[in-house]
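Each chain is listed here by its residues.
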Amino acid sequence: MDHHITEMRKVFEDLFGSAKNARLFFSPGRVNLIGEHTDYNGGHVFPCALEIGTYALVEKREDEELHFYSLNESKAGTVVTDLSHADHYDPKLGWVNYVMGMIHVFEKKGFHVRSGWNMVVYGNIPVASGLSSSASLEILIGYILKTLFGFEVTGTDLALFGQADENEYIGLNCGIMDQFVIANGKKDHALFLNTATLEYTTVPFVLRGQTLVIMNTNKPRGLKDSKYNERRAECEEALRILQTKLNIATLGDLTDEEFDQNAELIENPVVRKRAKHAVYENTRTMKAVEVLQKNDIAAFGKLMDASHDSLRYDYEVTGPELDALVDAARSVKGTIGSRMTGAGFGGCAIALVEDAYLEEFKDTVRKEYLEKIGYEPSFYEAVVGDGPKEIKE
Ligand code: GLA
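Remember, predicted model here, so these are calculated numbers, not experimental data.

I'm lost on the overall build of the chain in this one. Help?
Looking only at helices and strands, one finds 11 helices and 12 strands in the chain. For the chain, the residues scored as buried account for 57% of the 393 residues in total. Restricting the contact set of the chain to residue pairs at least 6 apart, pairs at least 24 apart contribute 72%. For the chain, the accessible surface area stands at approximately 16400 Å², while carbon and sulfur atoms represent 48% of it. Between the centroid of the 42 positive side chains of the chain and the centroid of its 60 negative side chains there is a distance of 1 Å.

Structure representation (structure tokens):
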């Protein structure tokens, strides 16, 4: 067991007397293989849950108080609030707002949270890395609420509640991808999700002879202050214009050809290329699943490359750090494909790399990135894991 779990128990005992009746829960982070910025456009995504994630040790209280301590935010000390506080966002509560938002959404959906709790949290997803540390926390809390209070909710409900937390409470208009794959993750599988219908299939994702490397730009970023909401608004504008002629519900309803035939309706070239990305990326994602199922890793890699280029030139969410990583990754012979993952604007990129070239890959990318950007990136080898669970020791 990770020594952090032992530390969580110790902190729990120190703060709350005993950890004897405390229960341990886990929720993963995620990495998206392909299908970026398609999830709020009714398109497809193809992410997987990771073995890194967020842990909570929790015990219900008799009263309505909520006591929190995070090993990652030890400077904040114990944060104390209560259930009635969940009716509004409070900047003073910092990361605890994600928790309060979940309580708020559950209450709104008719699930009454009857008592408070004591909780110690620890996460090993690098924060602000684009590997969904916030969605991991949201789904963790949703899963704990479901388990502790016996609420009958499905994985899809949890995902929708987590998204509502972000959209309505935190103020980020994110799509459904992160919360959905975290709530429904499956070891050694990626999830092929149609975000228009929330229908999905799980597709085996087991590499033999290659590794999926996650490369962190280590550039600090906050999505709420990024252009994320602006990109979403641009896509909505494009959709409104196209709907004056076409009978479509989302950009995901269009094939590349249909888009090309009607693109001129969108006069603003910037808005036009945003929409082009959304449509083409959706097509690429469907193709990527097809080629992966045929074990055509080379074709999968090409689609990853095309995805990054589209995010770089048409969607413009990459920035110098992500481009530096991807350019460096592509300069190594053993790289099959490379792209940014998640929202962009910093965060992480991924690369599919032949195992024989792994060390050379890391050396080259580290060196080139350091030269261009001035500080080092970090590398993790992706291990695909399950959704949320209670860990019984
Ligand atoms: C963030 C959002 C997701 C999705 C991606 C981009 O991770 O939370 O909903 O839009 O960006 O694909």
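After that view of the structure, there is still more to cover.
Can you walk me through the state of the cysteines in this structure?
Covalently bonding the sulfur atom of one cysteine to the sulfur atom of another cysteine gives a disulfide. Under the criterion given, the structure shown has zero disulfides. With no disulfide partner, Cys48 has as its closest neighbouring cysteine sulfur the one in Cys348, 13 Å distant. Cys174 takes part in no disulfide bond, and the closest cysteine sulfur to it belongs to Cys235, at a distance of 15 Å. Residue class for Cys174 comes out buried when judged on its relative accessible area of 5%.

Got a minute to help me understand the site of the ligand in this structure?
Residues in close proximity to the ligand include Arg30, Glu36, His37, Asp39, Tyr40, Cys174, Gly175, Met177, Asp178, Tyr228, Gly342 and Ala343, which together make up its full environment. At 2.7 Å from an oxygen atom of the ligand is found a side-chain nitrogen or oxygen belonging to Glu36. Within the side chain of Tyr228, an N or O atom sits 2.6 Å from an oxygen atom of the ligand. Computed on the free molecule, the ligand has an accessible area of 300 Å², of which 96% lies beneath the protein chains in the complex. Class assignment for the residues of the shell around the ligand results in five nonpolar, three polar and four charged. Each of domain 1 (3-203 + 386-391) and domain 2 (210-381) accounts for three or more of the residues forming the shell around the ligand.

Hey, could you run me through the sheet that holds strand β8 (residues 210-216) in this one?
Adjacent strands of a sheet pair through backbone hydrogen bonds, lying either parallel or antiparallel. Sheet architecture is open: four strands sit in the order β9-β10-β8-β11, paired in antiparallel fashion. With partners counted over all chains shown, the strands left at the sheet margins are β9 (335-341) and β11 (378-381), one partner each. Strand-to-strand, the axes of this sheet are offset by a mean angle of 25°, without reference to chain direction. The strands touched by helix α9 (residues 297-313) are β8, β9 and β10 (348-354); relative to β9, the strand with the most contacts, the crossing angle is about 35°. Packed on one face of the sheet, helix α11 (residues 358-373) meets β8, β9, β10 and β11 and runs near 155° to β11.

Explain the domain arrangement of the chain here, please?
As a measure of interface size, the accessible area lost when the parts come together is often cited. You can read the domains of the chain as domain 1 (3-203 + 386-391) and domain 2 (210-381). On a C-alpha basis, the centres of domain 1 and domain 2 stand 26 Å from each other. Across the contact, 32 residues belong to domain 1 and 42 residues belong to domain 2. The contact between domain 1 and domain 2 buries some 2900 Å² in all, and 65% of this surface belongs to carbon and sulfur atoms. Looking only at domain 1, the three residues that lose the most surface to domain 2 are Ile34, Glu36 and His37, adding up to 22% of its buried area. At the boundary of domain 1 and domain 2, one finds one salt bridge. The salt bridge involving Arg339 is made with Glu36; its shortest N-O contact spans 2.6 Å. Put simply, domain 1 and domain 2 have 19 residue pairs in polar contact (both at pLDDT 80 or more) between them. For the side of domain 1 that touches domain 2, the secondary-structure elements that each account for two or more residues are β1 (23-34) and β2 (44-60).

The rules behind these values
- Residues numbered from 1 in each chain as written.
- Predicted model: local features only at pLDDT ≥ 70, side-chain atom pairs only at ≥ 80, totals over all residues.
- Heavy atoms only, no water.
- Helix = DSSP H or I, 4+ residues; strand = E, 2+ residues; numbered from the N terminus.
- Buried < 20%, exposed > 50% of the residue type's maximum accessible area, 1.4 Å probe, protein only.
- Contact = heavy atoms within 4.5 Å.
- Areas by Shrake-Rupley, 256 points an atom, 1.4 Å probe, with all protein chains shown as cover.
- Lys, Arg positive; Asp, Glu negative; His and termini not counted.
- Charge placed at Lys NZ, Arg CZ, Asp CG, Glu CD.
- Disulfide = S-S within 2.5 Å.
- Near = heavy atom within 4 Å.
- Polar contact = N/O pair within 3.5 Å; in protein donor to acceptor, adjacent residues only side chain to side chain.
- Nonpolar A, V, L, I, M, F, W, Y, C, P; charged D, E, K, R; others polar.
- Domains from an automatic or database assignment.
- Pairing = 2+ DSSP bridges.
- Axes fitted to C-alpha atoms, helices over the stretch in contact; angles between N-to-C directions.
- Buried area = accessible area lost by both parts, 1.4 Å probe.
- Salt bridge = Lys/Arg side-chain N within 4 Å of Asp/Glu carboxyl O.

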